[in-house]
Amino acid sequence: MNPSYSATMIGKVRVATKEFGIRPLLLLALLAVSLPPALLAVFVVTKLASAQQTTLEEGVRQRVDAVSVASDRYFGSIISLLQAISTSNSLQRGDLQTFERTARALVTSDALAGGLALLAPDGHLELEAPDDRPAADLEAAARDVVAQVVHSGKPAVSDLYPATAPHAVDTAVASPVFRNGVLAYVIMALIPAASLDAFLRAQHLPPTWIGALIDRKGIIAARTRDPTRFVGRRATPQFLARATGESGGFTSVNLEGLEVYGVYRRSPETGWISAIGLLRGSVVAPAVQSVTWLIGGGLLAGAIAVTIAVWATRRILAPVRILTRAAQAIGEGEVPVVQPTGVKELTAIGRELVAASERRLQAEAAQWRTAEKLQQRQRMETVGQLAAGVAHDFNNLLMVLNGNLELLQRQPLPARAARHVTAALGAVGRGDKLVSQILTFGQRQMLNPTPCDIEAQLSALHGLLQTALGPEIPLELAFQARGAICVIDTTEFDRAVLNIAINPRDAMGGAGRFRISTALLPNGDGRPGEMVRIGFSDTGGGMPPEVLERAFEPFFTTKGVGQGSGLGLSQVYGFAQQSGGQVTLDSRAATGTTVLLDLPLAPANPAGPTRG
């Protein structure tokens, strides 16, 4: 840019001014207009990329918390089943022959498919079902977990065992068996590696995420990626050295030699670690993509701006040249070709300039209205995206709150604290409903509902229920709902039925009758369709009104200390509610108690399992 100088007379003072060409001035104007938005775009994109990365990392932390809670629930369900089995009459009498037949019947269920083992407090194997492992191997493998149960008097989850045979057990869940207040046995459920693998895959992590379960010794028990290569191997020393707290996240190199961003959480119940790893490239991908878009958009915008500047310069210089030639022609005494001379022509030019200005203003007004409409649409889209984003983030927060509250609810809390936790969980539930209204879908507790023949499922439980009731209490079945199919979680259903059966056994004092009946009935709330009603009746002494009112309350029990947790009927109530049904009690003094469990029937042609 080479400025020229001209002298102008102002009064009697001669003032020298710099003069620039139109083209350099237009380029300067273009730079002045485009540079601030470009800098602002760089700032916004950088912040957006950082926010995206932070959101991704926070989502991984919340997801690993959910996996940890799910693993505690998985092991807790097996512990609950073992505790229920430990109350069987044959085991309480020390009749191991009868209990062995019961154990062989129990291992046919999915929850106990890995087998059952009963050991003495000194670690000696009393019985095993099925007995396809050498006793010495099983005693050696179970030594640590048996010692832990004997020392604490509480259930425990073992570390991973080496898998050396086709049916080798990789993990064990052990629970104490007390007789007359004294530890008599340790009962163990043996969990194959395939069950842990199925559990981890049921968490439905994104395909690019690497999930893993790691025991207290740092051995990988389950892994979503290449499990055959890495299950049974020790996690990297770098990971174990940094994963010493309750939870955290950091970048390290995994067993595959890949750099990953890993997040972990250690279960306070079992001491196991739930971990999720993301390839480092996928974590920084939002920032790289944003920068790529910024560079590409900047180059495109720059090319468009230069094109517009060149075109505008030509459009401006041409009239200036014409006017310059006209002025030169006038200065040389020539008649300008572009316009006639005289006031009339100048007036006409003025009127044309005015008309052109009016047309320009009209065009700008139309353009402004169009731009205003576009901005309005963009604002509405932004509000919609913000609402969806807030709902998504709020849902993630609810997951964290719900997981932590569930952990608190499992602890033996005072009644007032338990009510506070329950109230907080209710608030989380209401928040979840609000999120579902925003996003048009709701997220509930992770279940595995499948179509289930109710009467066939109850028939399959006959042996287990008769064992739990004892030989003095005959079990009667009266079915009138043949072919009734419900979409339910069968494991939770079995637990609910077992919890219902245990209470009458204690109420009848070891003598009486227990009857299970089924019937079809329309929905009581006016919805179309039918429900199946399952009735459980006993001939015990019944419940007083004050007990009947609180029967479904969590942790409420009329049994002595250490004889009951008060969670049986509340588990039945929760199962009924989550399955779309209801449960009611009918109890009268001296005539017995009837529990009515109503479950909705599946459609005529169910589409298959769904997740509730």
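For the structure itself, look to the data block above.
(A) Structural view of the packing of aromatic side chains. The final tally for this structure, using the stated rule, is eight aromatic pairs. Between Phe 493 and Phe 575, the ring centres sit 6.1 Å apart and the planes meet at 55°, which makes this aromatic pair tilted. Residue Phe 493 is located in helix 14 (residues 490-507), and its partner Phe 575 is located in helix 16 (residues 568-578); the two are separated by 82 residues in the primary sequence. Comparing Phe 493 with Phe 575, the two get one shared label, buried. Taking 6.5 Å as the distance between ring centres and 25° as the angle between the ring planes, the aromatic pair formed by Phe 514 and Phe 536 counts as stacked. Taken as a pair, Phe 514 in strand 16 (residues 514-522) and Phe 536 in strand 17 (residues 530-538) lie far apart in primary sequence, 22 residues in all. Looking at Phe 536, the relative accessible area reads 2%, which means it is buried.

(B) Here's a closer look at the nonpolar core. One finds Phe 493 and Leu 599 to be the most contacted residues of the largest nonpolar core, which totals 81 residues. Considering every element that reaches this core, the biggest residue donor is helix 1 (residues 22-85), with 11 residues. If we skip the residues at most four places from it in the chain, Leu 599 touches Ile 454, Cys 486, Ile 488, Phe 493, Met 531, Val 532, Ile 534, Phe 575, Ser 579 and Gly 581. Grouped together as the second largest cluster of nonpolar side chains are 15 residues, Ala 117, Ala 142, Ala 156 and Met 188 included.

(C) Main features of a nonpolar patch on the surface. Where nonpolar side chains cluster on the molecular surface, the patch consists of Leu 300, Ile 304 and Ile 308 and spans about 290 Å² of accessible area. Here Ile 308 is to be found in helix 9 (residues 280-331).

(D) Geometry of the sheet that holds strand 12 (residues 273-279). Taken in spatial order, the five strands line up as 9-8-12-11-10 in an open sheet, and their pairing is antiparallel. With one partner strand each, in any of the chains shown, strand 9 (220-223) and strand 10 (247-253) form the two edges of the open sheet. With strand direction ignored, the average angle separating the axes of adjacent strands in the sheet is 25°. Bridge count for strand 8 (residues 209-214) against strand 12 is six bridges, and the pairing is antiparallel. The residue of strand 12 that forms the bridge with Ala 212 is Ala 275. Helix 6 (residues 193-201) rests against strand 8 and strand 9 of the sheet, and its axis sits at about 45° to strand 9.

(E) Focus on the pattern of salt bridges. Taken as a whole, this structure holds 14 salt bridges when the rule is applied. Between Arg 225 and Glu 256 there is a salt bridge; the shortest N-O distance is 3.4 Å. Residue Arg 225 is found in the loop between strand 9 and helix 7 (227-230), and its partner Glu 256 is found in the loop between strand 10 and strand 11 (259-266); the two are separated by 31 residues along the sequence. For Arg 225, a relative accessible area of 29% puts it in the partly exposed group. Assessed through its relative accessible area of 21%, Glu 256 is described here as partly exposed. One salt bridge in this structure joins Asp 226 and Arg 229, with 3.4 Å as the shortest N-O distance. What makes Asp 226 partly exposed here is its relative accessible area of 32%. Ionic contacts of the salt-bridge type, sharing partners, join the residues Asp 65, Glu 246 and Arg 265 into one network.

(F) Focus on the pairing of strand 6 (residues 171-179). Burial within strand 6 is extensive, with seven of its nine residues counted as buried. Pairing of strand 5 (residues 156-157) with strand 6, which is carried by two bridges, proceeds in the antiparallel orientation. In the sheet register, Ala 156 faces strand 6, and the bridge partner there is Ala 174. Across nine bridges, the pairing between strand 6 and strand 7 (residues 182-191) is antiparallel. Bridging across to strand 7, Val 177 finds its partner in Tyr 185. Counting the residues between successive antiparallel strands, the hairpin from strand 6 to strand 7 contains two residues, one of them, Asn 180, with a positive phi of roughly 55°.

Parameters and conventions
Residues numbered from 1 in each chain as written. Predicted model: local features only at pLDDT ≥ 70, side-chain atom pairs only at ≥ 80, totals over all residues. Heavy atoms only, no water. Phe/Tyr/Trp six-rings, centres within 6.5 Å; stacked < 30°, edge-to-face > 60°. Helix = DSSP H or I, 4+ residues; strand = E, 2+ residues; numbered from the N terminus. Buried < 20%, exposed > 50% of the residue type's maximum accessible area, 1.4 Å probe, protein only. Core = buried A, V, L, I, M, F, W, Y, C linked by side-chain atoms within 4.5 Å. Contact = heavy atoms within 4.5 Å. Patch = residues over 30% accessible without salt bridge, like charges linked within 9 Å, V, L, I, M, F, W, Y side chains within 5 Å. Areas by Shrake-Rupley, 256 points an atom, 1.4 Å probe, with all protein chains shown as cover. Salt bridge = Lys/Arg side-chain N within 4 Å of Asp/Glu carboxyl O. Pairing = 2+ DSSP bridges. Axes fitted to C-alpha atoms, helices over the stretch in contact; angles between N-to-C directions.

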